[in-house]
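Coordinates in review
One letter stands for each residue in the lines below.
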Amino acid sequence: QVQLVESGGGLVQAGGSLRLSCAASGGTFSRYAMGWFRQAPGKEREFVAAISGISTIRYYADSVKGRFTISRDNAKNGVYLQMNSLNPEDTAVYYCTATAAPVQTVRSLTARTSNAWGQGTQVTVSS
């Protein structure tokens, strides 16, 4: 079973940037479609971005299109989220997830329906 560890969160001012990392172990990494989700206090975990096993397909939530970029390095078993032009609405705990299902299914995953999550990394954007 894949194990995931997120890192790279922190406190930034509005307009700033952060790069999140997710380190994976277990299984064959390139077989997994990967995704980033976020969860703000009192809200449901929501989809942010997804990437297919060999980076041929990427999806983004409308709220982050043009600002966030998901990428992966299969040689390093890593997936990344470059976040630019951050605003306070981006404040949340960011989670990485992995699935052997097709990448298009990542967008509809939830905390309940996916059993592969890291511990999360906090992103706080101040105004």
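Higher on the page you've got the structure.
Just so it is clear, the structure is predicted and the values come from calculations on it, not from any experiment.

Below, the discussion takes up the nonpolar core. One finds Met34, Trp36, Leu81, Met83 and Tyr94 to be the most contacted residues of the largest nonpolar core, which totals 39 residues. Of all the secondary-structure elements, those providing two or more residues to this core are strand E3 (18-25), strand E4 (33-39), strand E5 (46-51), strand E7 (68-73), strand E8 (78-83), strand E9 (92-99) and strand E10 (121-126). Here the element with the most residues in this core is E9; it accounts for six residues. For Leu81, the contacting residues outside a window of four places in its chain are Leu18, Arg19, Leu20, Trp36, Val48, Ala49, Phe68, Thr69, Ile70 and Tyr94.

Following the criterion strictly, the structure yields one disulfide and no others. Between Cys22 and Cys96 runs a disulfide, and the two sulfur atoms are separated by 2.2 Å. Across the S-S bond of Cys22 and Cys96 the torsion is about -85°, and the bridge reads as left-handed. Residue Cys22 is located in strand E3, and its partner Cys96 is located in strand E9; the two are separated by 74 residues in the primary sequence.

A few words on the packing of aromatic side chains. If you walk through the whole model with that rule in mind, you get three aromatic pairs. Judged by centre distance (5.6 Å) and plane angle (75°), the rings of Phe37 and Phe47 are edge-to-face. Taken as a pair, Phe37 in strand E4 and Phe47 in strand E5 lie far apart in primary sequence, ten residues in all. Of the residues examined, Phe47 reaches a relative accessible area of 13% and is grouped as buried. For the ring pair Phe37 and Trp117, a centre distance of 5.1 Å and an interplane angle of 90° mean the geometry is edge-to-face. Taken together, the residues span a long stretch of sequence, with Phe37 in strand E4 and Trp117 in the loop between E9 and E10 at a distance of 80 residues.

Analysis parameters
Residues numbered from 1 in each chain as written. Predicted model: local features only at pLDDT ≥ 70, side-chain atom pairs only at ≥ 80, totals over all residues. Heavy atoms only, no water. Core = buried A, V, L, I, M, F, W, Y, C linked by side-chain atoms within 4.5 Å. Buried < 20%, exposed > 50% of the residue type's maximum accessible area, 1.4 Å probe, protein only. Helix = DSSP H or I, 4+ residues; strand = E, 2+ residues; numbered from the N terminus. Contact = heavy atoms within 4.5 Å. Disulfide = S-S within 2.5 Å. Phe/Tyr/Trp six-rings, centres within 6.5 Å; stacked < 30°, edge-to-face > 60°.

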